[in-house]
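# Notes for the structure review
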Amino acid sequence: IARSTVSGNFAEGSGGGLYLRRAAQPRLMDSILWGNGAGEEGSAVSLRTGTTLHVSCSIIDSSAVVGDGTWSAEQALFVDPEFCFPLPAPIAPEAGGSYRLSPESPAWADANECGRTLGALPDLCLSGIGDLAPDDTPASVAVPAGDRP
């Protein structure tokens, strides 16, 4: 899983962001896994026996990783990615929201040790929550990967 943003998802059981089973061994690279929910456990990741998650140069909510599987993290950040206007997992993604990066986000290339912008939406919020675009999401502007004002 590369250059992806997994956020605002909800599972009735466990594993709101990712649910790994049957010897799965995915890699999460240059991504953001944050702000997901689950009815039981593991709002970020549920790791079943025999599974392994390899995380590199990504932002992940480590407090929401559960299960008997294993995971490793290299150059990972365990901090809020500072999205523009994220919605709580039980109501997203149907109700809008914006998962673009705020100017203060640690996902920008110059704000993390990987030197790359993390996640799927390397766009910058223009003015935050106050000025909404016609689709009721905060306005944003495309910014080339690794650059920001």
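To be clear, the structure that these remarks concern was listed above.
None of these values were measured; they are calculated from a predicted model. (Residues numbered from 1 in each chain as written. Predicted model: local features only at pLDDT ≥ 70, side-chain atom pairs only at ≥ 80, totals over all residues. Heavy atoms only, no water.)

## Looking at the sheet that holds strand β10 (residues 65–67)
Here three strands make up an open sheet; going across it, the order is β3-β7-β10 and the pairing parallel. For this open sheet the edge positions go to β3 (18–20) and β10, each flanked by a neighbour on one side alone. Strand-to-strand twist in this sheet, taken as the mean axis angle between neighbours without regard to direction, amounts to 15 degrees. Relative to β10, strand β7 (residues 45–47) runs parallel, the two sharing three bridges. By the bridge assignment, Leu47 is partnered in β10 with Gly67. (Pairing = 2+ DSSP bridges. Helix = DSSP H or I, 4+ residues; strand = E, 2+ residues; numbered from the N terminus. Axes fitted to C-alpha atoms, helices over the stretch in contact; angles between N-to-C directions.)

## A word on unusual backbone geometry
One non-glycine residue, Asp30, lies in the positive phi region at around 55 degrees. Along the chain, Asp30 turns up in the loop between β4 (27–29) and β5 (32–33). The class for Asp30 is buried, based on a relative accessible area of 13%. With a phi close to 45 degrees, Cys57 is a non-glycine residue in the positive phi region. Tracing the backbone through its elements, the reader meets Cys57 in the loop between β8 (52–56) and β9 (59–60). (Buried < 20%, exposed > 50% of the residue type's maximum accessible area, 1.4 Å probe, protein only.)

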